[in-house]
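Summary of the model geometry
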Amino acid sequence: MTGTVKQQRQQRRGAGSPLRRVQIGNALSAFGSGFTMPYMFVYVDQVRGLGSLAAGMVFTVFALAALVVLPFTGRGIDRYGPRPVLLTGAALAATGAFAFGHATGTPALLVSSFLFGAGVTTCQPALATMIVRCSTAATRSHAFALQFTLVNLGMGIGALVGGQIVNVADPASLTRLFTIEAATFLGLALVTGTARMPRANLTVVQEKHDGPTGLRALLADKAMLRLSILAGLIFFTCYGQFESGVAAFATDTVGTAPSTLGFAIGANAVTIVVLQMFMVRITARRRRTTAMAAAGLVWLAAWGMALVAGLIRTETMAATVAIVSIYALFGVGESLLAPTMGPMVADLAPARLLGTYNAGYALVKQIAIAVGPAVGVLLVGSGTWPLYLAAMAGCTLLIVALAVRLRPHLTPEQDNAAPAVVRTTAPVRELQTAA
């Protein structure tokens, strides 16, 4: 009887202690990223005196590292499990961060940046796979939403604390910053990398090892392919513009003060923290494709506010309110997506390819976030801000359309449309999924 009660509690809450340790690890890695990411450009350009070109090369290498390691990361997770891959990623990130803080020349900074980027991007799909392994179909949306909330809190707190340490006139302060970040990744390895993952209860169908693998499996899965295209557009339009195109538009076009921009970014974080668990309850009763389409509509309103800010930029107070509203609306859309995107990837993935699917999803995210800032800053910097806003508004409308068109390619369970009593009678496709 006791065992039955314990199993029922695990079904409702997930895997308990392992899941908590995974979430703590998520918060630690996010704290480390927020701790140094805002200051990497300043570190290379001003502290080391290597110029903006070298700083741009550092960010390019950091992004390219994801393209190199993520295909191997997915295979490693599927073959060896998420824990060894997470430990490897944490070691790479810690080494890269420590070396970055002590590097003084461009070659050393580029090598350090590659190790740093490779480690960070290796950890992401490993952590996502751990969340899937430690949660149930009933608790997965809540687990991914909590992850998103903790990531935002961690990055915000990290940026705040890091800002108190940074002193451009004192290179040792930046070295100290990156050394502390290296320690946070060692903490990630200690807390989460040693967590015992629950044993997956696979059906006979799930345990089969036939069928395509790697990139061929993703390309053969039409639903996952469509979701990847939609996810790429989402990351390009929102996350790829968040700290680049929109920030450039606010400061260069509207004339927003940097301090006000910081307040706007804070409003985004507060919106997510306040709304996230509320959004979990709302999305739990609705289709995931509906939540994605709704996020697109909210972001369309955000770009509408950007247009208002551009038109009334001579009215300082009104334009400032409009800029802050943009970031707050972005937060509303992000809160809608957090409980939907990660769980949908998990429900689409065959159990034997869960790592590959998570790595593929992470790869799409990295590419979109790398391309987004280049496009946004180019359009805003050239003075064609109306074209920039029109392009982004068009992208959000396309997000709505692609979300609706994805619906026929999903089963009711994958789209969160099936009644709870029906979930036990899933078809063969559902028996093959990681959920």
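Residues numbered from 1 in each chain as written. Predicted model: local features only at pLDDT ≥ 70, side-chain atom pairs only at ≥ 80, totals over all residues. Heavy atoms only, no water.

Within an unreviewed UniProt entry, the label attached to the chain reads MFS transporter, and the organism entered is Streptomyces sp. Y1.

Some thoughts on unusual backbone geometry
What counts is decided by this rule: Every helix listed is a DSSP run of H or I at least four residues long, and every strand listed is a run of E at least two residues long, numbered separately from the N terminus. Accessibility here uses a 1.4 Å probe with only protein chains present; expressed as a share of the type maximum, an area under 20% marks a residue as buried, one over 50% as exposed, and anything in between as partly exposed.
Backbone geometry places Asn-416, a non-glycine residue, at a positive phi of 60°. Along the chain, Asn-416 falls in the loop between α17 (385–406) and α18 (428–431). By relative accessible area, which is 17% here, Asn-416 ends up buried.

Here's the deal with the packing of helix α10 (residues 222–242) against helix α14 (residues 316–337)
Applied cut-off: Where helices are involved, their axes are fitted lines through C-alpha atoms of the stretch in contact, as for all axes, and angles between N-to-C directions lie from 0 to 180°. Put simply, angles under 35 degrees are roughly parallel, angles over 145 are roughly antiparallel, angles from 65 to 115 are roughly perpendicular, and the rest are oblique. By convention the crossing between two helices is left-handed if the near helix lies anticlockwise of the far one by an angle smaller than a right angle, and right-handed if it lies clockwise. We call two residues contacting when some pair of their heavy atoms lies within 4.5 Å. Gly is placed with the polar residues, together with every amino acid not listed as nonpolar (Ala, Val, Leu, Ile, Met, Phe, Trp, Tyr, Cys and Pro) or charged (Asp, Glu, Lys and Arg).
Two elements in contact, α10 and α14, have axes separated by 11 Å at closest approach and are oriented at 135°. In terms of orientation, α10 lies oblique with respect to α14. Considering only the axes of α10 and α14, their crossing is left-handed. Judged by residue contacts, Ile-234, Cys-238, Tyr-239 and Phe-242 of α10 engage Tyr-327, Phe-330, Glu-334 and Leu-337 from α14. Split by residue class, the contact of α10 with α14 holds 7 nonpolar, no polar and 1 charged.

Some thoughts on the pattern of salt bridges
The condition is simple: What makes a salt bridge here is a side-chain nitrogen of Lys or Arg within 4 Å of a carboxyl oxygen of Asp or Glu, nothing more.
Overall, the coordinates contain 4 salt bridges when judged by the stated rule. Among the salt bridges present, the one from Asp-415 reaches Arg-287, with a minimum N-O distance of 2.8 Å. Of the two residues, Asp-415 sits in the loop between α17 and α18 while Arg-287 sits in the loop between α12 (258–284) and α13 (288–311), which places them 128 residues apart along the sequence. Its relative accessible area of 0% is what places Asp-415 among the buried residues. Of the charged contacts in the structure, one is a salt bridge between Arg-407 and Asp-415, with a shortest N-O distance of 3.9 Å. When salt bridges that share partners are traced, they join Arg-140, Arg-288 and Asp-347 into one network.

Here's the deal with the nonpolar core
The condition is simple: Residues belong to a common nonpolar core when they are buried Ala, Val, Leu, Ile, Met, Phe, Trp, Tyr or Cys residues joined through side-chain atoms within 4.5 Å.
One finds Phe-249 and Ile-323 to be the most contacted residues of the largest nonpolar core, which totals 109 residues. The element contributing the most residues to this core is helix α6 (residues 106–134), with 12 residues.

Let's talk about a nonpolar patch on the surface
Threshold: Patches in this entry comprise residues that are over 30% relatively accessible and not in a salt bridge; like charges within 9 Å are linked, as are nonpolar side chains (Val, Leu, Ile, Met, Phe, Trp, Tyr) within 5 Å. All accessible-area figures derive from a Shrake-Rupley calculation using a 1.4 Å probe, and residue coverage is judged against the displayed protein chains alone.
On the surface, Leu-64, Leu-67, Val-68, Phe-114, Ile-367 and Val-371 cluster together into a nonpolar patch covering about 470 Å² of accessible area. Those elements that provide at least two residues to the nonpolar patch are α4 (51–80) and α16 (354–381). Considering each element in turn, the nonpolar patch owes the most residues, 3 residues, to α4. Note on placement: Phe-114 falls in helix α6.

Quick notes on the environment of Phe-185
In this fold, Phe-185 is placed in helix α8 (residues 171–191). Distance in space between the C-alpha atoms of Phe-185 and Cys-123 is 9.7 Å, their sequence separation being 62 residues.

Brief notes about the packing of aromatic side chains
Worth spelling out the cut-off: Only rings of Phe, Tyr and Trp enter the pairing, Trp through its six-membered ring, and a pair is recorded when the two centres are within 6.5 Å. The plane angle decides the type: under 30 degrees is stacked, over 60 is edge-to-face, the rest tilted.
A complete count under the given rule lists 11 aromatic pairs for this structure. Here Tyr-43 and Phe-178 contribute two aromatic rings whose centre-to-centre distance is 5.1 Å and whose plane-to-plane angle is 55°, an arrangement assigned as tilted. With a gap of 135 residues between them, Tyr-43 in helix α3 (residues 40–47) and Phe-178 in helix α8 connect regions that are remote in the sequence. By the burial criterion, Tyr-43 is buried, and Phe-178 matches it. Chaining the aromatic ring pairs together yields one cluster made of Trp-299, Trp-303, Phe-330 and Tyr-388.

Brief notes about the side chain of Asn-26
The residue Asn-26 is located in helix α2 (residues 17–36) in this model. Contacts of Asn-26, omitting those with residues within four sequence positions, involve Leu-127, Ile-131, Gln-147 and Val-151.

Observations concerning the environment of Phe-236
Of note, Phe-236 is situated in helix α10. For Phe-236 and Ala-370, which are 134 residues apart along the polypeptide, the C-alpha to C-alpha distance reads 8.3 Å. Each residue touching Phe-236, except ones within four places of it in the same chain, is listed here: Gln-241, Ala-368, Val-371, Gly-372, Val-375, Met-392 and Cys-395.

Describing the confidence of the model for the chain
Inclusion rule: Predictor confidence is given residue by residue as pLDDT, running from a minimum of 0 to a maximum of 100.
Within the chain, residue pLDDT values average 83, and 88% of them lie at 70 or more. Predicted confidence for residues 201–208 stays below pLDDT 50, and this span has 13 contacts to residues more than four positions away or in other chains.

Focus on α4
Cut-off, in case you're wondering: How far a helix is expected to stretch is found by multiplying one less than its residue total by 1.5 Å. At any given residue, the bend is defined as the angle formed between two axes, one fitted to the seven residues that end at that position and one fitted to the seven that begin there.
Taking 1.5 Å of rise per residue, the 30 residues of α4 would be expected to cover 44 Å, and the 42 Å separating its terminal C-alpha atoms lies within 8% of that figure. Of all the bends in α4, the greatest reaches close to 40° and is centred on Val-69; the proline Pro-71 follows between one and four positions later. Considering only its buried residues, α4 is in contact with α3, α5 (82–102), α6 and α16.

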